[in-house]
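# Survey of secondary and tertiary structure
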Amino acid sequence: MAKPLHPSVEQFKQFVKKHPKIIQEVRSGKKTWKQVYEDWYLFGEDDDIWEPYREANGATKEEEKGTNKWLDKLAAMLGQIDAAEVQKHLANVQQAIAAIQSILSEFQGGDQEQRNKEAHPFSFRKD
């Protein structure tokens with residue numbers, strides 16, 4: 001179940017589909033999706049800032065079909081990733097793994113003592 005996107009994100013996606021040169025700009029590393037979204041949000045679709053991305057004839061249907069949709073989705077997801085948030089989640093996972101390892105080592109240590117007792121059921125001391 002995919003969480004429905006915010007209406008402004010849907011509008012931004014439609015805007016990007018109308019301006020495929022923006023996708024090329026992001027893929028080439030000149031801009032990030034976050035930067036493009038913020039510019040779009042602040043300036044709007046009709047601002048002169050988008051003039052270099054507008055095509056003289058408009059985007060043709062063949063060009064739109066030619067773009068690989070899953071790469072576009074992946075690029076959009078990567079643009080939305082917050083590094084600090086990812087780092088926080090990784091730290092939580094690392095702590096959980098450390099706790100599990102600690103518990104397992106305690107059980108394995110207890111099992112080792114139990115195995116030693118089972119291996120020598122009649123352990124007598126020498127007199």
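Residues numbered from 1 in each chain as written. Predicted model: local features only at pLDDT ≥ 70, side-chain atom pairs only at ≥ 80, totals over all residues. Heavy atoms only, no water.

The protein appears in an unreviewed UniProt entry as YlbD family protein from Geobacillus proteiniphilus.

This brings us to the packing of helix α1 (residues 7-18) against helix α3 (residues 33-43). Across the interface, α1 lies against α3 with an axial gap of 11 Å and an inter-helix angle of 105 degrees. Judged by the angle between their axes, α1 and α3 are roughly perpendicular. On the side of α1, the interface is formed by S8, V9, Q11, F12, F15 and V16, while α3 contributes W33, V36, Y37 and W40. Grouping the amino acids of the contact of α1 with α3 by side-chain chemistry returns eight nonpolar, two polar and no charged. (Axes fitted to C-alpha atoms, helices over the stretch in contact; angles between N-to-C directions. Helix = DSSP H or I, 4+ residues; strand = E, 2+ residues; numbered from the N terminus. Parallel < 35°, antiparallel > 145°, perpendicular 65-115°, else oblique. Contact = heavy atoms within 4.5 Å. Nonpolar A, V, L, I, M, F, W, Y, C, P; charged D, E, K, R; others polar.)

A separate point is the pattern of salt bridges. Two side chains bearing opposite charge may form a pair once their charged atoms approach each other closely. Enumeration over the complete set of coordinates arrives at three salt bridges. In this structure, E51 engages R54 in a salt bridge whose closest nitrogen and oxygen atoms are separated by 2.9 Å. Exposure remark for R54: the relative accessible area of 26% places this residue in the partly exposed category. A salt bridge links E85 to K88; the shortest N-O distance between them is 3.5 Å. Here K88 and E85 lie together in helix α6 (residues 83-119), a separation of three residues that amounts to about one turn. Residue classification places E85 among the partly exposed residues on the basis of a relative accessible area of 33%. (Salt bridge = Lys/Arg side-chain N within 4 Å of Asp/Glu carboxyl O. Buried < 20%, exposed > 50% of the residue type's maximum accessible area, 1.4 Å probe, protein only.)

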